[in-house]
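Residue-level structure breakdown
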Amino acid sequence: MGLDISADSITVQLDWTLEAGVAGLNLEGVQDTNDAENADAYDAARALEPDALAEEFRKDWPEIRERMTFRSGGEDIALDIQSMDVPEVGNVEDARTSRVILSGALPEGGAPVVVGWDASLGPLVVRQPGVEGGYSAFLIGGQLSDEIPRLGATDQTAGEAFVDYIGVGFDHIIPLGLDHILFVLGLFFLALRMGALLWQVTAFTLAHTVTLALGALDIVRISPDIVEPLIAASIVYVGIENVLSRGLTPWRPFVVFCFGLLHGLGFASVLQDFGLGADNFIPKLIGFNIGVELGQLSVIAAAYIAFGVLFGNHEWYKRRIAGPVSVGIALIAAFWVLERTGMIGVDGAWAPFSMLTEGGFPATTVTLAAAGLAVVLTILVMATNSDTLREASGMATSFALFLALVATFTSGAWILSLVIAGVWVLAIRMQSLGGADMPGALA
């Protein structure tokens, strides 16, 4: 969304997939439109000729406008459609971006402008082109912009830009970056020793910092159609190696470094879509990278507190926790590889994977089912005191509750995610009581 604000009027350049508005899609938390409600209406709108789509958008504009915010001094700004440029119908499997020009008069008084739109319309990039130091922001979850002066720039300092982009980087990991989260967990679950973990995290950080900078500066640009499947493949590799390897191999840091280069290109694509602008470029870039690092460290810290501290010194840690989780990570990533390369769709037999990674499962139902399974397995172990059953139950508990945790996390049910994590830890602890459970060295 581009803004041109004068003393008494505003012009909005909206580059958007109009079909989403016409179909009434709810894009909150959705990465694939096939998973959204009214997906059939969206597909039908994609096939409309330019004039027909423009007519539908004009007809639905009053309703679509209600999902957007344009305000000054507490008063809504009435915007009218001035022109529309809708491309010809191409491959209906690909989204087409149309351009709509909106304009309206501003209320008297010179109050700044606030813009945004409903979370159901997805994330929003707001820019003020042609203005030195003009406002730019990446808004998610229905966020509203800061107050934008009618004339001149927002005068955002380097420090303010730095802090803002720390938040953008953190959000890209938690909660938006499930693929990056799974990769970092893969690093954690191979080795708990601080030295081994430090080698991997350092290699990954150095690598993605390099390609993030090169990508943000537009020195290196590789299509997401190439980068995203390779990122998924890197997660598959890490998950499988975790299961097959007995510990950190000599080549693991080098492999992680190479994978970090790919993930950095993925981070850079976010900034390229967002648009850093020329003003405060370096503070924004550094802030984003720090935000990414804080997100990754938060993931590692949470995993270490939940599993490393409590269970890391037990000889069964890898069999009952690290191994099953790594298998789950590899399975999810393998689905992404096939889906991102177009080899499979997201419906039919693959629908459960899509629902798992896109928040499609009812969080409450998932939590109750996962907790019920953990309780049943724990009771069986305690009743039989069988070491064989203890091993099998531990693996089943970790695998099932890890998937349940992913399902609730992607649906945004943070409290239920904590509940599942708590049940998981308690179940593993209870199942281990009374077994041939000799503490050993950290993996």
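Residues numbered from 1 in each chain as written. Predicted model: local features only at pLDDT ≥ 70, side-chain atom pairs only at ≥ 80, totals over all residues. Heavy atoms only, no water.

1. So, the overall build of the protein
Put simply, the rule is: Numbering of helices and strands runs from the N terminus; a helix is a DSSP stretch of H or I covering at least four residues, while a strand is a stretch of E covering at least two. Buried means the residue's accessible area, taken with a 1.4 Å probe over protein chains only, is under 20% of the maximum for its type, while exposed means over 50%, and partly exposed covers the values in between. Only heavy atoms matter for contacts: two residues are in contact if any of them lie within 4.5 Å across the pair. Each accessible area is a Shrake-Rupley result for a 1.4 Å probe, and residues are judged covered by the shown protein chains and nothing else.
From N to C terminus, the protein includes 14 helices and nine strands. The buried share of the protein, taken over its 443 residues, is 49%. Here the contacts in the protein between residues at least 6 apart in sequence split such that 75% fall between residues at least 24 apart. As presented, the protein carries roughly 20200 Å² of accessible surface, and 62% of it is formed by carbon and sulfur atoms.

2. Concerning the sheet that holds strand 4 (residues 75-76)
Threshold: By this definition, two strands are paired if DSSP reports at least two bridges between them. To obtain each axis, a line is fitted to C-alpha atoms, and for helices this fit is confined to the stretch in contact; angles are then taken between N-to-C directions over 0 to 180 degrees.
Judged by pairing direction, the sheet is antiparallel, and its three strands sit side by side in the order 4-3-7 without closing on themselves. Looking along the sheet, the strands with just one partner apiece sit at the ends: strand 4 and strand 7 (113-117). Two elements, strand 3 (residues 68-72) and strand 7, share five bridges in a ladder whose sense is antiparallel. Pairing of Phe70 across the sheet is with Val115, part of strand 7. The sheet strands contacting helix 3 (residues 50-65) are strand 3 and strand 4, and the helix crosses strand 3 at an angle near 65 degrees.

3. Some thoughts on the environment of Glu66
You can see Glu66 is positioned in the loop between helix 3 and strand 3. Placed 176 residues apart in sequence, Glu66 and Asn242 show a C-alpha to C-alpha distance of 50 Å.

4. Comments concerning unusual backbone geometry
In the segment running from Ile174 into Pro175, the intervening peptide bond is cis, with an omega of 15 degrees. At Asn385, a position not held by glycine, the phi torsion is positive, near 55 degrees. Position of Asn385 among the secondary structure elements: in the loop between helix 12 (363-384) and helix 13 (387-410).

5. Things to note about the confidence of the model for the protein
Cut-off, in case you're wondering: Confidence scores here are pLDDT values: one per residue, from the predictor, ranging 0 to 100.
Model confidence for the protein is summarised by a mean pLDDT of 86, while 92% of its residues fall at 70 or above. Element-level pLDDT for the protein is lowest in strand 9 (residues 136-139), with a mean of 78, against a maximum mean of 96 in helix 12. Contacts of residues 438-443 to residues separated by more than four positions or lying in other chains number 18 contacts, the stretch itself having pLDDT below 50.

6. A word on the pattern of salt bridges
Basically, it comes down to this: When a carboxyl oxygen of Asp or Glu is within 4 Å of a side-chain nitrogen of Lys or Arg, the pair counts as a salt bridge.
With the rule as written, the count across this model stands at 12 salt bridges. In this structure, the salt-bridge partner of Asp76 is Arg71, at a minimum N-O distance of 3.6 Å. On the basis of relative accessibility, which here comes to 59%, the residue Asp76 falls in the exposed class. Taken together, the salt bridges that share partners define one network made up of Glu315, Arg319, Arg320 and Glu391.

7. Points about helix 14 (residues 414-432)
Convention followed: Helices are assigned an expected span. That span is 1.5 Å times one less than the residue count. Directions from the helix axis toward the C-beta atoms define the arc.
Along its 19 residues, helix 14 runs 27 Å from first to last C-alpha, staying within 8% of the 27 Å computed at 1.5 Å per residue. Looking at helix 14, one finds that the buried residues are Ser417, Ile420, Trp424, Val425, Ala427, Ile428, Gln431 and Ser432. Looking straight down helix 14, one finds its buried side chains confined to an arc of 160 degrees; they lie on one side. The exposed set on the far side of helix 14, more than 90 degrees from its buried face, consists of Ile415, Leu418 and Leu426. Buried residues in helix 14 make contact with helix 9 (281-311), helix 10 (317-340), helix 12 and helix 13. Directly after helix 14, the chain includes Gly434, whose backbone phi takes a positive value near 85 degrees.

8. Some thoughts on a nonpolar patch on the surface
Here is the rule we go by: For patch detection, residues must exceed 30% relative accessible area and be free of salt bridges, and they are connected within 9 Å for like charges or within 5 Å for nonpolar side chains (Val, Leu, Ile, Met, Phe, Trp, Tyr).
Together, Ile240, Val243, Leu244, Val327 and Leu331 make up an exposed nonpolar region whose accessible area comes to about 430 Å². Residue assignment for the nonpolar patch shows that the elements contributing at least two residues are helix 7 (224-244) and helix 10. Residue contributions to the nonpolar patch peak at three residues, all from helix 7. Structurally, Val327 can be placed in helix 10.

9. Brief notes about the packing of aromatic side chains
To keep things clear, this is the line we draw: Within 6.5 Å between ring centres, the rings of Phe, Tyr and Trp (the latter by its six-membered ring) count as paired, and their orientation is classed by plane angle as stacked under 30 degrees, edge-to-face over 60, tilted in between.
With the rule as written, the count across this model stands at 14 aromatic pairs. Where Tyr237 meets Phe259, the ring centres are 5.6 Å apart and the plane angle is 70 degrees; that geometry is what we call edge-to-face. With a gap of 22 residues between them, Tyr237 in helix 7 and Phe259 in helix 8 (residues 252-274) connect regions that are remote in the sequence. Its relative accessible area of 32% is what places Tyr237 among the partly exposed residues. A ring pair is formed by Trp350 and Phe353, whose centres lie 6.0 Å apart and whose planes are at 45 degrees; its orientation type is tilted.

10. Examining a negative patch on the surface
Rules: When charges are counted, Lys and Arg contribute as positive and Asp and Glu as negative, whereas His and the chain ends are disregarded. To locate a charge, the coordinates of NZ of Lys, CZ of Arg, CG of Asp or CD of Glu are taken.
Residues Glu49, Asp51, Glu55 and Glu88 make up a contiguous surface patch of negative charge. The exposed category is assigned to Asp51, whose relative accessible area is 68%.

11. Section: the environment of Ser145
On the secondary structure map, Ser145 appears in the loop between strand 9 and helix 4 (158-173). Ignoring sequence-local partners within four residues, the contact set of Ser145 consists of Val113, Val114, Val115, Tyr135 and Leu139.

12. Quick look at helix 13
One turn of the α-helix equals 3.6 residues, which is why residues spaced by three or four share an orientation. The condition that has to hold: Polar contact criterion, stated in full: a pair of N or O atoms within 3.5 Å, where within protein one must be able to donate a hydrogen and the other to accept it, and residues adjacent in sequence count only if both atoms are side-chain atoms.
The end-to-end C-alpha separation of helix 13 is 35 Å, in line with the 34 Å expected for 24 residues at 1.5 Å each. Structurally, the start of helix 13 carries an N-cap: the backbone nitrogen of Thr388 is 3.4 Å from a side-chain oxygen of Ser386. Positive phi shows up at Gly412, right after helix 13, with a value of about 80 degrees.

13. A short note on the side chain of Asp179
Following the sequence through the fold, Asp179 ends up in helix 5 (residues 178-190). Taking relative accessible area as the criterion, Asp179 reaches 10% and is therefore assigned buried. Apart from the residues within four sequence positions on either side, Asp179 is in contact with Glu228, Ile231, Ile235, Trp336 and Arg340.

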